[in-house]
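Given next are the chains, with one letter for each unit.
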Amino acid sequence: MDIAFSPCPNDTFVFHAWVHGLIEGAPALNVTYADIDKTNNWAAKGKGPEVQKISYAALPWVLNEYALIPCGGALGRGCGPLVLTKDKLRDASFLSGKRVAVPSEKSTAYLLFRLWTSQLVPEGIGEIIVMPFDEIMPAVRDGKIDAGLVIHEARFTYQNYELNLMADLGHWWEEDTGLPIPLGAIIAHRSLNHKAIEKWVRASVEYAWAHPAVSQKYVMEHAQELSLEVAKSHIDLYVNEFTRELGKDGYAAVKSLLGRAMEEGLVPEFDLNKL
């Protein structure tokens, strides 16, 4: 079975057991390690592997071809994207007419950013530039862009680039809705046995929790620029009970995010009951 997910610690931790043949009855995996912008666009075009990790924000573009698997993804609290600047700036109006880098135009991070700026920067951003997420902080530091929207381990490392936090969009979302933040989703092609995939993904998550040391080498091989401490913090933040089971609150968060986005014309209209 072909699968694509990022080389980030939370994904490699979650899928380690399945990738290494430790899940009984699960087929062997052929893994493509890909940035979320690539998988978002592959899935939107009906291309790419049969199973993929994408942004929840990309779901409206993919649901004709793919189904949401309610486990293995990233959704939680205190784990949202950050808006970073070189100087200490707290007033979002600074962003009016400025150049802002984002990791993907179909990412949850960008969707939250659009919802946030529609409230606080009604005159609009100047230019949005899509960059691989690991290039954004150096670009802000070097003055190539005015602000950056960052995800993943940047939450723990942005101070190393002498950058400043303008806004925590996860905090904004949680205060506004009381719901967790839907970040990354696992999807599978509609031709596949979704119940079986759900079973194998959940078993891989549970194996990872039961044997955390076993996956460490694999995780660190793909997180070469991170220390073990940062990688563990990343896993602790993004792999949680929502990773085992999306559940009532998880589905409510996804429907709230995408429902708001549809109301503002930020994503294509679709039937929320298809989730």
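Further up the page is the structure itself.
Residues numbered from 1 in each chain as written. Predicted model: local features only at pLDDT ≥ 70, side-chain atom pairs only at ≥ 80, totals over all residues. Heavy atoms only, no water.

Peer 1: Please clarify how the overall build of the protein chain should be interpreted in this entry.
Peer 2: Each helix and strand counted, the protein chain has 12 helices and 10 strands in total. Over its C-alpha trace the protein chain gives a radius of gyration of 18 Å, about what one expects of a compact globule, namely 19 Å for 275 residues. Expressed as lengths along the three principal axes of its C-alpha atoms, the size of the protein chain is roughly 55 × 40 × 30 Å. Classification of the 275 residues of the protein chain by burial places 55% in the buried group. Surface accessibility of the protein chain: about 12000 Å² in total, with carbon and sulfur atoms responsible for 47%. The distance from the centre of the 26 positive side-chain charges to the centre of the 35 negative ones in the protein chain is 2 Å. (Helix = DSSP H or I, 4+ residues; strand = E, 2+ residues; numbered from the N terminus. Rg over C-alpha atoms; globule rule 2.2 N^0.38 Å. Buried < 20%, exposed > 50% of the residue type's maximum accessible area, 1.4 Å probe, protein only. Areas by Shrake-Rupley, 256 points an atom, 1.4 Å probe, with all protein chains shown as cover. Lys, Arg positive; Asp, Glu negative; His and termini not counted. Charge placed at Lys NZ, Arg CZ, Asp CG, Glu CD.)

Peer 1: I keep staring at the environment of Ile187 and nothing clicks. Help me out?
Peer 2: The topology assignment puts Ile187 in strand 10 (residues 181-189). Expressed as a C-alpha distance, the spacing of Ile187 and Val62, which sit 125 residues apart in the sequence, is 8.9 Å. Ignoring sequence-local partners within four residues, the contact set of Ile187 consists of Ala43, Glu50, Val51, Gln52, Ile54, Leu59, Val62, Tyr66, Ala67, Leu68 and Ile69. (Contact = heavy atoms within 4.5 Å.)

Peer 1: Even after reading the chapter, I still don't get the state of the cysteines, so can you show me in this structure?
Peer 2: Working definition: the covalent bond between the sulfur atoms of two cysteines is a disulfide. Per the stated rule, a full pass over the model turns up 0 disulfides. Looking at the unpaired Cys8, the closest cysteine sulfur is the one in Cys79, lying at 13 Å. (Disulfide = S-S within 2.5 Å.)

Peer 1: When you look at the packing of helix 1 (residues 9-19) against helix 8 (residues 194-210) in this model, what are you seeing that I'm missing?
Peer 2: How two helices sit against one another is set out by the angle between their axes and by the gap between those axes. Orientation of helix 1 relative to helix 8, taken along the N-to-C sense of each, is 110 degrees, at an axis distance of 7 Å. In terms of orientation, helix 1 lies roughly perpendicular with respect to helix 8. Taken together, the residues of helix 8 that come into contact with helix 1 (itself represented by Phe13, Val14, Phe15, His16, Ala17 and Trp18) are Ile197, Trp200, Val201, Ser204, Val205, Tyr207, Ala208 and Trp209. Partitioning the contact of helix 1 with helix 8 into residue classes produces 12 nonpolar, 2 polar and no charged. (Axes fitted to C-alpha atoms, helices over the stretch in contact; angles between N-to-C directions. Parallel < 35°, antiparallel > 145°, perpendicular 65-115°, else oblique. Nonpolar A, V, L, I, M, F, W, Y, C, P; charged D, E, K, R; others polar.)

Peer 1: Help me out: how do you make sense of the packing of helix 4 (residues 108-120) against helix 7 (residues 169-177) in this one?
Peer 2: At a minimum axis distance of 10 Å, the contact between helix 4 and helix 7 shows a crossing angle of 65 degrees. Taken together, the axes of helix 4 and helix 7 lie roughly perpendicular to each other. Relative to helix 7, the crossing made by helix 4 is left-handed. From helix 4, Ala109, Leu112, Phe113, Leu115, Trp116 and Gln119 reach across to helix 7, where they touch Leu169, Trp172, Trp173 and Asp176. (Left-handed = near helix turned anticlockwise from the far one by under 90°.)

Peer 1: Can you walk me through unusual backbone geometry in this structure?
Peer 2: What you tend to see is this: most non-glycine residues have negative phi, and most peptide bonds are trans. Of note in the backbone geometry, Glu162 takes a positive phi value of approximately 60 degrees without being a glycine. With respect to the element layout, Glu162 can be found in the loop between helix 6 (154-157) and strand 9 (164-168).

Peer 1: Explain helix 8 here, please?
Peer 2: An α-helical turn contains 3.6 residues, so any two residues separated by three or four positions project in the same direction. In a regular helix each residue adds 1.5 Å, so 17 residues correspond to 24 Å; helix 8 covers 24 Å between its end C-alpha atoms and thus fits that length. When we look at burial in helix 8, the residues that qualify are Ala196, Ile197, Glu198, Trp200, Val201, Arg202, Ser204, Val205 and Ala208. Where helix 8 is buried, its residues meet helix 1, strand 3 (51-55), strand 4 (66-76), strand 10 and helix 11 (241-244). For helix 8, the N-terminal cap is Asn193; the gap from its side-chain oxygen to the backbone nitrogen of Lys195 is 3.2 Å. (Expected span 1.5 Å × (residues − 1). Polar contact = N/O pair within 3.5 Å; in protein donor to acceptor, adjacent residues only side chain to side chain.)

Peer 1: Could you clarify how one ought to interpret the packing of aromatic side chains in this entry?
Peer 2: Two measures describe an aromatic ring pair: the distance that separates the ring centres and the angle between the ring planes. What the rule picks out here adds up to 5 aromatic pairs. Judged by centre distance (4.8 Å) and plane angle (10 degrees), the ring pair of Phe5 and Phe15 falls under stacked. Residue Phe5 is located in strand 1 (residues 2-5), and its partner Phe15 is located in helix 1; the two are separated by 10 residues in the primary sequence. With respect to class, Phe5 is no different from Phe15; both count as buried. Joined through ring pairs, the aromatic side chains of Phe5, Phe15 and Tyr33 make up one cluster. (Phe/Tyr/Trp six-rings, centres within 6.5 Å; stacked < 30°, edge-to-face > 60°.)

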